[in-house]
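Structural characterization, general
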Amino acid sequence: MRTLDSHLHLWDPEVLTYSWLEGPLAARFAAEEIEGARIDGSTEERAIFVQAGTAVDDELDEVRWVAGQAERLGVVGIVAGARLDRGTDTTVHLESLTAEPLVVGVRHILQDEPDAVALSSAFVTGAREVAAHGWAFDACVRSWQLPDVARLSAAIPELRMVLDHLGKPAVGTAHAPLAPAAEWERDLAELARHPQVYCKVSGLPAEAGGDWSLAQLEPFLDTAADVFGPERLMWGTDWPVSAVGPARTDAASDAPSTYQPTARSRWADAVSTWADSRGIDRTALFHDTAAAFYRL
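Report follows, based on the coordinates. (Residues numbered from 1 in each chain as written. Predicted model: local features only at pLDDT ≥ 70, side-chain atom pairs only at ≥ 80, totals over all residues. Heavy atoms only, no water.)

A look at the overall build of the protein
- A count of helical and extended segments in the protein gives 11 helices and 10 strands.
- Taking 2.2 N^0.38 as the reference for a compact globule, 296 residues should give roughly 19 Å; the C-alpha atoms of the protein span a radius of gyration of 18 Å, in line with that estimate.
- Along the first, second and third principal axes, the C-alpha atoms of the protein reach 50 × 40 × 35 Å.
- The 296 residues of the protein split such that 55% are buried.
- Considering only intrachain contacts with a sequence separation of at least 6, the fraction spanning at least 24 residues in the protein is 81%.
- When the accessible surface of the protein is split by element, carbon and sulfur atoms take 50% of a total near 12,100 Å². (Helix = DSSP H or I, 4+ residues; strand = E, 2+ residues; numbered from the N terminus. Rg over C-alpha atoms; globule rule 2.2 N^0.38 Å. Buried < 20%, exposed > 50% of the residue type's maximum accessible area, 1.4 Å probe, protein only. Contact = heavy atoms within 4.5 Å. Areas by Shrake-Rupley, 256 points an atom, 1.4 Å probe, with all protein chains shown as cover.)

Overview of the packing of aromatic side chains
- Taken as a whole and assessed by the stated rule, the structure comprises 12 aromatic pairs.
- Measuring from ring centre to ring centre gives 6.3 Å for Trp 11 and Tyr 18, while their planes differ by 50°; the resulting arrangement is tilted.
- Tyr 18 gets classed as buried once you look at its relative accessible area, which sits at 10%.
- A ring pair is formed by Phe 29 and Trp 239, whose centres lie 5.5 Å apart and whose planes are at 85°; its orientation type is edge-to-face. Here the residue Phe 29 occupies a position in the loop between β1 (2-8) and α1 (31-35), and Trp 239 occupies one in the loop between β8 (233-235) and β9 (244-246), the gap between them amounting to 210 residues. The two residues Phe 29 and Trp 239 agree in class, both being buried.
- Through pairs of rings, three or more aromatic residues link up here, namely Trp 11, Tyr 18, Trp 20, Phe 29, Trp 239 and Tyr 259.
- In this arrangement the basic side chain of Arg 160 is found over the ring face of Phe 293, its NZ or CZ atom lying 5.6 Å from the centre.
- Stacked on the ring of Trp 212, the Lys or Arg Arg 266 has its end atom at 3.8 Å from the ring centre. (Phe/Tyr/Trp six-rings, centres within 6.5 Å; stacked < 30°, edge-to-face > 60°. Lys NZ or Arg CZ within 6 Å of the ring centre and 35° of its normal.)

Some details on the pattern of salt bridges
- A full pass over the atoms with the stated rule returns 21 salt bridges.
- In this structure, the salt-bridge partner of Glu 45 is Arg 38, at a minimum N-O distance of 3.5 Å. (Salt bridge = Lys/Arg side-chain N within 4 Å of Asp/Glu carboxyl O.)

Here we look at the nonpolar core
- Counting 84 residues, the largest nonpolar core has Phe 137, Trp 274 and Leu 285 as its most contacted members.
- Contacts of Phe 137, omitting those with residues within four sequence positions, involve Leu 84, Val 106, Arg 107, His 108, Leu 110, Phe 123, Leu 152, Leu 159, Arg 160, Met 161 and Val 162.
- Grouped together as the second largest cluster of nonpolar side chains are 12 residues, Ile 48, Val 104, Met 234 and Ala 291 included. (Core = buried A, V, L, I, M, F, W, Y, C linked by side-chain atoms within 4.5 Å.)

Functional significance is not addressed by these values, which are geometric in nature.
See below:
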């Protein structure tokens, strides 16, 4: 099976600045590390690099760093970091990104922003510029921010958008699973009413703290498939963020989390099993939809 990982992160703290890294993630995750985390059974593995939260002043350097090793990494597209609410600075930054042909989208991380930032006039203006460049926008939000994304989509129907990680719903853990919240289901369905919005099947292992099972996450995947339709879903690994989990599997363990190089394959196997059980086209889910959305 060919795979196009729609959500791959890479970083090297020796090269760029990342203020948020801690624990097992406070290390290099680049060419050598991704080599040890390949997808079992993938006949051709490619990826979309998604900006990794480097310092704002490093965002252009991050694009150049990834582009310089893209062939070795299997990266065929870059979702660049971009603050969209900074007026002229946003315009200059977006224009600078046009120099790199691998850029296919941008992401202004909204999950830690105050509510309604995405609805500000400055942000909407910046998002319109993204659409004018022909790029997509990755919406990284928490579940309660989904209505903001829906309103942004209504304001800019020409902007192709993809929701990262199903909007980060509360999923619990394998030992203490949570059912999908009614509010999340309602807001996800409202967002899915906008046909230019897609959804990444990614990130749920991280929301479970690395302690997850397919049975636990299936109701969330089912909801996404029901409201978006399988044709607007794309698979992604959220590596290496979703490759951190408990060192031991017993619920009582307080052992520290560790990086798990087999996590990408485990997520691929789980999503593949789910897709087969629901009659969903794996070729589209694991490759073709992302390739078409990002206009590769």
